[in-house]
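# A structural walkthrough
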Amino acid sequence: MKLVLLRHGQSEWNKLNLFTGWKDVDLSEKGVEEAKSAGRKLKEAGIEFDIAYTSYLKRAIKTLNIALEEMDSLYIETVKTWRLNERHYGALQGLNKKETAEKYGDEQVHIWRRSFDIAPPLMDKDDENSAHRDKKYRDFPQDVIPDGESLKLTLERTLPFFMDEIGPSLIAGKNVLVAAHGNSLRSITKYIENISDEEITSVEIATGEPIVYTLDENLKIIKKEIL
Ligand SMILES: O=C1c2ccccc2C(=O)c2c1cc(NS(=O)(=O)c1ccccc1O)c(O)c2O
């Protein structure tokens, strides 16, 4: 069966090189085109999906819907989960490179950049952008919703969803499409390709380029191709 990973197209804040995280920004024009192109590639590859998974963030949801529309597959079951959200960048959300360096210093940025288990400064729970005040997350236990995540924490809240939901769909023989974010897709890649904690920080998943895994019933990779 096929597992296809698709990182959302360029967002409005990617264009401005701002930390985005859980900020629910829209796709840019370019991002919409990237999603259409990904959908066309998947249609040409002739993959028929049985189920799709995405995050609670519109840049991923729209990427999925645009790609499914290109494949004339908007009818398939789609599951949305906060566990596929991008890494939460805490108080850094909305900052650009210059502001981050000015506020925290180049040395600190350099440490954060390569770190696996260091979280950024947390966002205040009463910040207007806090997930604790966002209706999307109102039904979740408040201690589960993050205010900032290390890469390790992000992987640790995404992988259980893969093991409990996506894995069983694959083992049931379904073709699965996951439209999500750089760091949440790293979690799945890390597991499928058995990548170490050190190596995963340098794995980059390109936007809008479907990664197609053909897996056996033990979720071992038979073939990997990037469309
Ligand atoms: O500061 C961070 C950082 C801080 C806290 C947790 C994670 C990261 C992180 O993962 C990261 C950073 C900077 C840059 N490059 S940058 O310094 O040029 C930069 C800074 C701010 C906004 C966008 C930029 O491109 C990266 O490529 C990163 O992957």
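To keep things clear, this report deals only with the structure shown in the data block. (Residues numbered from 1 in each chain as written. Predicted model: local features only at pLDDT ≥ 70, side-chain atom pairs only at ≥ 80, totals over all residues. Heavy atoms only, no water.)

## Topic: the site of the ligand
Threshold: By convention in this text, a residue qualifies as near a molecule or strand provided that one of its non-hydrogen atoms is within 4 Å of it. Polar contacts, as counted here, are pairs of nitrogen or oxygen atoms within 3.5 Å of one another; within protein the pair requires one atom able to donate a hydrogen and one able to accept it, and residues that are adjacent in sequence qualify only if both atoms are side-chain atoms. Areas reported here follow the Shrake-Rupley algorithm with a probe of radius 1.4 Å; residue values treat only the protein chains shown as occluding. Here a cavity denotes grid points, spaced 1 Å and computed from the protein atoms alone, that fit a 1.4 Å probe unable to get out, and a pocket denotes an open set having protein on both sides within 12 Å along at least 5 of 7 lines; residues with an atom within 4 Å of a point are the lining. Placement in a cavity or pocket follows one criterion, namely that more than half of the molecule's atoms lie within 2 Å of its grid points. Numbered from the N terminus, helices here are DSSP runs of H or I no shorter than four residues, and strands are runs of E no shorter than two. Any residue that is not Ala, Val, Leu, Ile, Met, Phe, Trp, Tyr, Cys, Pro, Asp, Glu, Lys or Arg is counted as polar, Gly included; the first ten are nonpolar and the last four charged.
Neighbouring residues of the ligand: Asn-17, Phe-19, Arg-87, Tyr-89, Leu-92, Asn-96, Lys-97, Thr-100, Val-109, Trp-112 and Arg-113. For the ligand, an oxygen atom lies 3.3 Å from a polar atom in the side chain of Lys-97. One of the side-chain N or O atoms of Arg-113 is found 3.4 Å from a nitrogen atom in the ligand. If the ligand stood free it would expose 540 Å²; the protein chains cover 82% of that surface. Counting atoms within 2 Å of the grid points, the majority share of the ligand lands in the largest pocket. Mapped onto the shell around the ligand, the elements with two or more residues apiece are helix 4 (97–104) and helix 5 (106–114). The dominant element in the shell around the ligand, judged by the number of residues it contributes, is helix 5, at three residues. Among the residues making up the shell around the ligand, the classes are represented as five nonpolar, three polar and three charged.

## Regarding the sheet that holds strand 1 (residues 2–7)
Spelled out, the test is: We treat two strands as partners when DSSP finds at least two bridges between them. Structural elements are reduced to axes, namely lines fitted to C-alpha atoms, with helices fitted over the stretch in contact, and the angle between N-to-C directions of any two is expressed from 0 to 180 degrees.
Pairing in this open sheet of six strands is mixed, and the strands run 3-2-4-1-5-6 from one edge to the other. One side of each edge strand has no neighbouring strand; the edge strands of this open sheet are strand 3 (77–80) and strand 6 (221–226). The sheet shows a mean angle of 15 degrees between the axes of neighbouring strands, direction not considered. Where strand 1 meets strand 5 (residues 211–215), four bridges bridge the pair, whose relative direction is antiparallel. Across the sheet, residue Val-4 finds its bridge partner in strand 5, namely Val-212.

## Points about the layout of surface pockets
Defined as follows: Grid points are joined across faces, edges and corners, and a volume is the space filled by probe spheres set on the points.
Considering only enclosed or pocket space, the largest pocket measures out at about 1100 Å³ in volume. Every residue lining the largest pocket is counted, 36 residues in all, and those nearest its centre are Asn-17, Phe-19, Tyr-89, Arg-113 and Glu-204. Only helix 1 (12–15), helix 4, helix 5 and helix 7 (182–192) provide two or more residues apiece to the lining of the largest pocket. The element best represented in the lining of the largest pocket is helix 5, accounting for five residues. Grouping the constituent residues of the lining of the largest pocket by class yields 15 nonpolar, 12 polar and nine charged.

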